[in-house]
Amino acid sequence: AQSVTQPDIHITVSEGASLELRCNYSYGATPYLFWYVQSPGQGLQLLLKYFSGDTLVQGIKGFEAEFKRSQSSFNLRKPSVHWSDAAEYFCAVGIDRGSTLGRLYFGRGTQLTVWP
Amino acid sequence: DTAVSQTPKYLVTQMGNDKSIKCEQNLGHDTMYWYKQDSKKFLKIMFSYNNKELIINETVPNRFSPKSPDKAHLNLHINSLELGDSAVYFCASTTGEKYGYTFGSGTRLTVV
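Residues numbered from 1 in each chain as written. Chains lettered and ligands numbered in written order. Predicted model: local features only at pLDDT ≥ 70, side-chain atom pairs only at ≥ 80, totals over all residues. Heavy atoms only, no water.

1. Quick word on the layout of surface pockets
The cut-off we apply is this: Buriedness of a pocket was judged along seven lines, with at least five required to meet protein on both sides within 12 Å; pockets are open sets of points on a 1 Å grid over the protein atoms alone, cavities are sets where a 1.4 Å probe fits but cannot get out, and lining residues have an atom within 4 Å of a point. Grid points are joined across faces, edges and corners, and a volume is the space filled by probe spheres set on the points. Each helix is a run of H or I in the DSSP string that is no shorter than four residues. Each strand is a run of E no shorter than two, and both are numbered from the N terminus. Just so you know the grouping, Ala, Val, Leu, Ile, Met, Phe, Trp, Tyr, Cys and Pro go in nonpolar, Asp, Glu, Lys and Arg go in charged, and all remaining residues, Gly too, go in polar.
In this structure, the largest pocket encloses a volume near 290 Å³. If you go around the largest pocket, you meet 21 residues; those closest to its centre are Gln-38 and Gly-41 of chain A together with Gln-37, Val-88 and Arg-108 of chain B. For the lining of the largest pocket, the element with the most residues is strand S11 (residues 107-111) of chain B, which contributes four residues. Of the residues that constitute the lining of the largest pocket, the class distribution is six nonpolar, 11 polar and four charged.

2. Points about the sheet that holds strand S1 (residues 4-7) of chain B
Residues and elements named next belong to chain B. Put simply, the rule is: Here the rule is simple: two strands pair whenever DSSP picks up at least two bridges between them. Between N-to-C directions, angles cover 0 to 180 degrees, with each direction set by a line fitted to C-alpha atoms, over the stretch in contact for helices.
Sheet architecture is open: four strands sit in the order S1-S3-S8-S7, paired in antiparallel fashion. Edge positions in the sheet fall to S1 and strand S7 (64-70), since each of these pairs with one other strand and no more. In this sheet, adjacent strand axes meet at a mean angle of 20° when their direction is disregarded. Looking at chain direction, S7 and strand S8 (residues 73-78) are connected through five bridges and run antiparallel. What sits directly across from Ser-65, in S8, is His-77.

3. Re the pairing of strand S9 (residues 73-78) of chain A
Residue and element names in this part refer to chain A. To be explicit about the condition: Three exposure classes are used, based on accessible area relative to the maximum for each residue type with a 1.4 Å probe and protein chains only: buried under 20%, partly exposed in between, and exposed over 50%.
Where burial is concerned, most of S9 is hidden: five out of the six residues are buried. Pairing of strand S3 (residues 19-21) with S9 involves three bridges; the strand directions are antiparallel. Of the residues in S9, the one forming a bridge with Leu-19 is Lys-78. For strand S8 (residues 64-68) and S9, the ladder comprises five bridges, and the chain directions are antiparallel. Bridge pairing in S9 links Ala-65 to Leu-76. Counted between consecutive antiparallel strands, the loop separating S8 from S9 contains four residues, among which Ser-72 sits at a positive phi close to 50°.

4. Quick word on the confidence of the model for chain A
The cut-off we apply is this: Per-residue confidence from the predictor is given as pLDDT, running between 0 and 100.
Averaged over chain A, the pLDDT score is 91; the fraction of residues at 70 or greater is 93%. No element of chain A has a lower mean pLDDT than strand S11 (residues 104-106) of chain A, at 90, and none a higher one than S3 of chain A, at 98.

5. Let's talk about the nonpolar core
We count it as follows: Nine residue types can take part in a nonpolar core, namely buried Ala, Val, Leu, Ile, Met, Phe, Trp, Tyr and Cys, and a core is a set of them joined through side-chain atoms within 4.5 Å. Contacts are assigned to residue pairs that have any heavy atoms within 4.5 Å of one another.
Formed by 27 residues in total, the largest nonpolar core has its most connected members in Leu-19, Trp-35, Leu-47, Leu-48, Phe-74, Leu-76 and Tyr-89 of chain A. Of all the secondary structure elements, the ones that give two or more residues to this core are strand S2 (10-14), S3, strand S5 (32-38), strand S6 (44-50), S8, S9, strand S10 (87-94) and strand S12 (110-115) of chain A. Among the elements that line this core, the one with the most residues is S10 of chain A, at four residues. Residues within four places of Tyr-89 of chain A in sequence aside, it is in contact with Gln-6, Leu-21, Trp-35, Tyr-36, Val-37, Leu-47, Phe-63, Leu-76, Gly-109, Thr-110 and Leu-112 of chain A. In terms of nonpolar packing, the next biggest core, distinct from the first, is built from 20 residues, Cys-23, Val-60, Ile-78 and Ala-87 of chain B among them.

What follows is the structure in structure tokens.
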């Protein structure tokens, strides 16, 4: 079965510091990969996605992520964190079934706290 | 605005009651989902509809019944509400997994 692992439940960084949130998946082929952000009381917003091409993808709000096939990883990075980045971050994996009959599998989330 | 909209945003009700949550998307997507997010933020898929046809039905109590009158709407009816049903319920839609999902802002259900 497919699985998505976010090893860090909670990360705390200072404002202005760099950030890396980890995500590993288990699936035999190359999946579709996503990072979502959920601010308190809000829905999930898509930050970025990868399904083919350049393994370094740029997203909104200054985030980027790198797909590493050899490590089955899709880590999210930001060079300088802002206080408004404090939120819950979810990694998700989608499986190509050649139709819309699939689903996304979500990791359990990483809560980011930003110190001023 | 193009979006996935859910109503109501908050729902407080007593055990044993029956309630419905509504979802509408104007994105032209063919597939819609219901997800449940528990108190630990874990997102669990409940149902998926593609063009009004049920295609995913996870292990969910049969007190939960989805209905899709057309491909732009997916409603969730819950009978005989229990304390354990308290959660945030998210509706989402997509035109295909490679594009990701667009989520609604959620319905926070509290059963007392």
